[in-house]
Amino acid sequence: MVKVTKFGGSSLASAEQFRKVADIIFADPARKFVVPSAPGKRFPEDVKVTDMLYACYKAAISGRDFKSKFKEIRDRYDGIISELGLDMSLENEYEAIEAGFKGRAGRDYAASRGEFLNGIILAKYIGYEFIDAADVVFFNEDGTFNLEMTNASLRDRLVNVEKAVIPGFYGSTPNDTIKTFSRGGSDITGSIVAAAVKADLYENWTDVSGFMIADPRIIENPAAINTITYKELRELSYMGATVLHEDAIFPVRREGIPINIKNTNAPDDPGTMIVESTSKKPEHIITGIAGKKGFSAVNIEKDMMNSEIGFGRKVLEQFEKQGLSFEHMPSGIDTMTIIVHQDEFVEKEQEVLAGIHRNVSPDSVEIEAGLALIAVVGRGMKSVKGTALKIFEALYNSNVNVKMIDQGSSELNIIIGVLEEEFETAFRAIYNAFVK
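Throughout what follows, the structure given in this document is the object of discussion.

Calculation notes
Residues numbered from 1 in each chain as written. Predicted model: local features only at pLDDT ≥ 70, side-chain atom pairs only at ≥ 80, totals over all residues. Heavy atoms only, no water. Pairing = 2+ DSSP bridges. Helix = DSSP H or I, 4+ residues; strand = E, 2+ residues; numbered from the N terminus. Axes fitted to C-alpha atoms, helices over the stretch in contact; angles between N-to-C directions. Contact = heavy atoms within 4.5 Å. Polar contact = N/O pair within 3.5 Å; in protein donor to acceptor, adjacent residues only side chain to side chain. Buried < 20%, exposed > 50% of the residue type's maximum accessible area, 1.4 Å probe, protein only. Arc of directions from axis to C-beta. Core = buried A, V, L, I, M, F, W, Y, C linked by side-chain atoms within 4.5 Å. Parallel < 35°, antiparallel > 145°, perpendicular 65-115°, else oblique. Left-handed = near helix turned anticlockwise from the far one by under 90°. Nonpolar A, V, L, I, M, F, W, Y, C, P; charged D, E, K, R; others polar. Phe/Tyr/Trp six-rings, centres within 6.5 Å; stacked < 30°, edge-to-face > 60°. Lys NZ or Arg CZ within 6 Å of the ring centre and 35° of its normal.

**A short note on the sheet that holds strand E13 (residues 364–377)**
Within a beta sheet, neighbouring strands are joined by backbone hydrogen bonds and run either parallel or antiparallel to one another. Here we have 5 strands laid out as an open sheet, ordered E12-E11-E13-E15-E14, and antiparallel in their pairing. At either end of the open sheet lies a strand with only one pairing partner, and these are strand E12 (335–341) and strand E14 (402–407). Neighbouring strand axes in the sheet, compared pairwise and without regard to direction, differ in orientation by 35 degrees on average. With 12 bridges joining them, strand E11 (residues 288–301) and E13 adopt antiparallel strand pairing. The residue of E13 that forms the bridge with Asn299 is Glu366. Contacts from helix H12 (residues 349–360) reach E11 and E13, with the element oriented near 110 degrees to E13.

**Remarks on the side chain of Thr337**
The residue Thr337 is located in strand E12 in this model. A polar contact is formed between the side chain of Thr337 and the side chain of Asn299, at a distance of 2.9 Å. Ignoring anything within four residues of it in the chain, the contact list for Thr337 reads Ala297, Val298, Asn299, His328, Met329 and Pro330.

**A short note on the sheet that holds strand E9 (residues 259–263)**
In spatial order, the strands read E3-E4-E2-E1-E7-E9-E10-E8; together these 8 strands make up an open sheet with mixed pairing. Looking at which strands have only one partner, the edges of the open sheet turn out to be strand E3 (129–130) and strand E8 (227–229). Sheet topology note: the E3/strand E4 (residues 164–165) ladder contains 2 bridges and is parallel. Across the sheet, Phe130 pairs through a bridge with Val165, a residue of E4. Packed on one face of the sheet, helix H8 (residues 230–238) meets E8, E9 and strand E10 (272–275) and runs near 85 degrees to E8.

**Notes on helix H13 (residues 387–397)**
Of all the positions in H13, only Thr387, Ile391, Ala394 and Leu395 are classed as buried. Take H13 and look down its axis: the buried residues cluster within an arc of 95 degrees, on one side only. Set apart from the buried face of H13 by more than 90 degrees, the exposed residues are Leu389, Tyr396 and Asn397. Just past H13, the residue Asn399 takes up positive phi, approximately 60 degrees.

**Observations regarding unusual backbone geometry**
Of note in this structure, Arg104 is not a glycine but carries a positive phi near 55 degrees. Relative to the helices and strands, Arg104 resides in the loop between helix H4 (91–102) and helix H5 (107–126). Taking relative accessible area as the criterion, Arg104 reaches 55% and is therefore assigned exposed. Here Phe169, not a glycine, exhibits a phi torsion of approximately 90 degrees, which is positive. Overall, Phe169 belongs to the buried group, its relative accessible area being 3%.

**Some points on the nonpolar core**
Counting residues in hydrophobic clusters, the biggest one holds 116 residues, and the most contacted among them are Phe33, Phe101, Ile121 and Leu158. In terms of nonpolar packing, the next biggest core, distinct from the first, is built from 16 residues, Met305, Val340, Val352 and Ile356 among them.

**Structural notes on the packing of helix H2 (residues 49–61) against helix H3 (residues 67–84)**
Two numbers describe how H2 lies on H3: the axes approach to 9 Å, and their chain directions differ by 155 degrees. Considering the angle they form, H2 stands roughly antiparallel to H3. Classified by chirality, the crossing of H3 by H2 is left-handed. Counted together, Val49, Met52, Leu53, Ala55, Cys56 and Ala59 of H2 and Lys69, Phe70, Glu72, Ile73, Arg76 and Tyr77 of H3 form the full contact between these two elements. For the contact of H2 with H3, the residue count by class is 9 nonpolar, no polar and 3 charged.

**Here we look at the packing of aromatic side chains**
By the definition in use, this model includes 12 aromatic pairs. Seen in terms of ring centroids, Phe139 and Phe145 are 5.8 Å apart; in terms of plane orientation they differ by 65 degrees. Their pairing is edge-to-face. Within the aromatic cluster, the residues linked to one another by ring pairs are Tyr57, Phe66, Phe70, Tyr94, Phe101 and Tyr109. In this structure, Arg113 is placed above the aromatic ring of Tyr170, and the distance from its NZ or CZ to the ring centre is 5.2 Å.

Structure representation (structure tokens):
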């Protein structure tokens, strides 16, 4: 059995955390390939090393003295090395990084050095081979990720390697420039490595014991999700549930590799298993609830709209021309509503409205701002009668006014629009109706 294990920044923030990680790796010989992040916060007021590197590089390219900032970064790593009792020095790496900063090697280069240095230390500490991600993870010249080339490179490089540490978050372009994924991109690297070695399991270790049914900032001590499908996860992630970088799903999904979200500080907790499909019945009818504020609704009315060929296309073209995407589009016979992100829409709303009037001559167009969307997601909803009734009864009993309803044909989710000031009330009402 082969497992790829990715450890987040909080899991590797200090020497103490390194020891926990080593214990986890050594507890299972199947954990052959390890993907580390840069050191995260050790305590709430602390600064992540990635942010320290960004600040240091900014000072360097601004012509300011950055030695004191760079010394703080060195001290973080040297402190970990010293506390772990390792016989090693990163002096050559520090000199190369300092030269790179002076030579304006780029923000991506600067940020990537956090994972690079942490990977070297972790490989030394656990006795694994270190493989620089720049040698096996590749981006095209335009900055897009080259999955085919990366897969081939990783397979060739790792075929005869028994155990290795490959830093997350970065790779290289054809001209050897360092390129990073978006923040949280170490999740993606772990997924790519898992797919390349055809791992049996991709473990993603963080500081929480998997996914919760609801946001703990809204619901106190929400129930955990034991098993979730990729489709359910995509729906929840889209609405703001963030434990795993959403792009990390695709490489392993193509290979049918499950993901296990685990807690470094509570390794015996089962965590959440993310799978393609499952016959396991969910503990509750719903799998999870997620939501976001900051939406606007563009409500369009026109008699006989449904018989006017191309009406919807002409309306959506006006959003496209302004570089705007829409989130949802519930409609009726003579009505059509476009849900958009308010902060993106507000600067271009008048151009969009003018375009709609010119192209489809509506009877009326109204904008309603200050909306929040709540997604109720669950594979169990499809086979249980009365799910929608239960949701809307809970909202009615909590005196919440529903502004929009949208459900896809998969019956995997129901999206409800409410006023922002009623968001938390609605969220708790739905959770209590299904979980408590």
